[in-house]
Amino acid sequence: MRAQNPALPDEDAHEHSLPTPSAFEWRVLTFTCARPPFAGLARDRLEYMAHLPELPSTAEFAPIVGLALAVLFSAIGLICAGVHLLWEASMSMLLLFFFPCCLLSADSVHALTHLYLQRRERLLGSSDTLYYASLIPELGMQICKLAHNMHVWYVHGLSFSVLDVLLFANTKVALENLHRRCVTHRNFLEADSNLKQRFRSATAAELAELDDCCAICREGMTAAKVLPCGHYFHYTC
């Protein structure tokens, strides 16, 4: 049997004293890495199905909606459990630790809300609600990503390391996405204003005499824009 010198540190004790991630931290890491692909899959699939020429039935939507709800509820459950277990941690640490789960939850809510508004628009007609319901969350999530990167930089400190390179790359991507979305919105507003000014609105007498439907959405017209060629279309179409 090997004799142990009390003056020397115990190697076994030193090995067991090394900091290792807790089981909860491993679960958070696994969730953070595994859930985004499923959330992205559900979002893209819902977007595709909502734009099909023939609107799918509720039964066809159910599996994808179930996947999005599973991601959402698991993220919310993990956040609640983490806040309960890490209640002694600082607010800064909680924000850093649970930001991916919060962003994943927001993305899932956005996808489900967007699906509901798309189905509602297909049934009741077009409106600006769907556009702004997409614009505001997208801008908000990009701003949150920028703020999160700045927060990580503030906590970590500025140095020339691999982490700083990754943070810089992520910040650049978030800024580019935010700029692109703002430019797209500006172009939309300019096109919308141009459409209102260039084409006159049809009168009630013209619509009554026409007694026709919109050539794009095939719905009846109570208001319409008149094109130079003489065709009538819904303004939103």
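Residues numbered from 1 in each chain as written. Predicted model: local features only at pLDDT ≥ 70, side-chain atom pairs only at ≥ 80, totals over all residues. Heavy atoms only, no water.

A.B. asks: Quick rundown of the overall build of the chain? Include the residues and the values.
C.D. replies: Check the secondary structure of the chain and you find seven helices and two strands. Counted from the first residue to the last, the chain has its helices and strands arranged as α-α-α-α-α-α-α-β-β. Looking at the chain as a whole, 28% of its 237 residues are labelled buried. In the chain, the proportion of contacts linking residues at least 24 apart, taken out of those at least 6 apart, comes to 60%. Summed over its atoms, the accessible surface of the chain is roughly 16,200 Å², and 65% of this surface lies on carbon and sulfur atoms. (Helix = DSSP H or I, 4+ residues; strand = E, 2+ residues; numbered from the N terminus. Buried < 20%, exposed > 50% of the residue type's maximum accessible area, 1.4 Å probe, protein only. Contact = heavy atoms within 4.5 Å. Areas by Shrake-Rupley, 256 points an atom, 1.4 Å probe, with all protein chains shown as cover.)

A.B. asks: An account of helix α5 (residues 129–156) is requested, with residue identities and associated values reported.
C.D. replies: The terminal C-alpha atoms of α5, which comprises 28 residues, lie 41 Å apart, in line with the 40 Å expected from a rise of 1.5 Å per residue. Directly beyond the C-terminal end of α5, a positive phi value near 90° is found at glycine 157. (Expected span 1.5 Å × (residues − 1).)

A.B. asks: How would you explain the pattern of salt bridges if you had to name every residue and give the values?
C.D. replies: Oppositely charged side chains can form a pair if their charged atoms are brought close together. This model, assessed by the stated rule, comprises two salt bridges. Across the pair arginine 181 and glutamate 138 runs a salt bridge, and its minimum N-O distance is 2.4 Å. Note that arginine 181 is positioned in helix α6 (residues 162–198) and glutamate 138 in helix α5, a separation of 43 residues in sequence. A relative accessible area of 28% means that glutamate 138 is categorised as partly exposed. Across the pair glutamate 176 and lysine 172 runs a salt bridge, and its minimum N-O distance is 2.5 Å. Placement of the pair is glutamate 176 and lysine 172 together in helix α6, with a separation of four residues, close to one helical turn. A residue is classified by how much of its surface remains accessible, and glutamate 176, at 35% relative accessible area, is partly exposed. (Salt bridge = Lys/Arg side-chain N within 4 Å of Asp/Glu carboxyl O.)

A.B. asks: Go over the nonpolar core with me, naming the residues and quoting the values.
C.D. replies: One finds Ala42, Leu46, Met49, Ala50, Phe61, Ile64, Ala68, Leu72, Leu112 and Leu115 forming the largest nonpolar core, which totals 10 residues. Counting residues per element, the ones that place at least two in this core are α2 (23–50), α3 (58–85) and α4 (91–124). Apart from the residues within four sequence positions on either side, leucine 46 is in contact with Phe61, Ile64, Val65, Ala111, Leu112, Leu115 and Gln118. Counting residues in hydrophobic clusters, the runner-up holds eight residues, among them Cys214, Ala224, Val226 and Phe233. (Core = buried A, V, L, I, M, F, W, Y, C linked by side-chain atoms within 4.5 Å.)

A.B. asks: Describe a nonpolar patch on the surface, and please don't skip the residues or the numbers.
C.D. replies: A cluster of nonpolar side chains, Leu69, Phe73 and Ile76, forms an exposed patch at the surface whose accessible area comes to about 260 Å². Structurally, the position occupied by leucine 69 is in helix α3. Overall, leucine 69 belongs to the partly exposed group, its relative accessible area being 30%. (Patch = residues over 30% accessible without salt bridge, like charges linked within 9 Å, V, L, I, M, F, W, Y side chains within 5 Å.)

A.B. asks: Describe in detail the packing of aromatic side chains, supporting the description with residues and values.
C.D. replies: For the structure on display, the rule yields two aromatic pairs. Ring pairs connect the aromatic residues Tyr131, Tyr132 and Phe188, which therefore count as one cluster. (Phe/Tyr/Trp six-rings, centres within 6.5 Å; stacked < 30°, edge-to-face > 60°.)

A.B. asks: Give me the environment of valine 152: which residues, what numbers.
C.D. replies: Here valine 152 shows up in helix α5. For valine 152, a relative accessible area of 17% corresponds to the buried category. Expressed as a C-alpha distance, the spacing of valine 152 and methionine 93, which sit 59 residues apart in the sequence, is 10.0 Å. Apart from residues lying up to four places away in sequence, valine 152 is in contact with Leu96, Gly157 and Leu167.

A.B. asks: Talk me through the state of the cysteines; I want residue IDs and the actual numbers.
C.D. replies: Evaluation of the coordinates by the stated rule reveals zero disulfides. Cysteine cysteine 144 remains unbridged, with the sulfur of cysteine 102 as its closest cysteine sulfur at 9.3 Å. (Disulfide = S-S within 2.5 Å.)

A.B. asks: Now, about the side chain of arginine 181: what can you tell me, with residues and values included?
C.D. replies: On the accessibility criterion, arginine 181 (16% relative accessible area) is buried. Every residue in contact with arginine 181, bar those within four places of it in the chain, is listed here: Tyr131, Ser134, Leu135, Glu138 and Leu139.

A.B. asks: Quick rundown of the environment of proline 56? Include the residues and the values.
C.D. replies: Of note, proline 56 is situated in the loop between α2 and α3. Here the alpha-carbon distance between proline 56 and arginine 119, two residues 63 residues apart in the chain, equals 9.7 Å. Beyond its immediate stretch of four places on either side in the chain, proline 56 contacts Met49, Phe61 and Arg119.

A.B. asks: Describe the packing of α5 against α6, and please don't skip the residues or the numbers.
C.D. replies: Their axes nearest at 10 Å, the elements α5 and α6 cross at an angle of 155°. Judged on the interaxial angle alone, α6 and α5 are roughly antiparallel. Between α5 and α6 lies a crossing whose hand is left-handed. For the contact of α5 with α6, the per-class residue count stands at 18 nonpolar, nine polar and four charged. (Axes fitted to C-alpha atoms, helices over the stretch in contact; angles between N-to-C directions. Parallel < 35°, antiparallel > 145°, perpendicular 65-115°, else oblique. Left-handed = near helix turned anticlockwise from the far one by under 90°. Nonpolar A, V, L, I, M, F, W, Y, C, P; charged D, E, K, R; others polar.)

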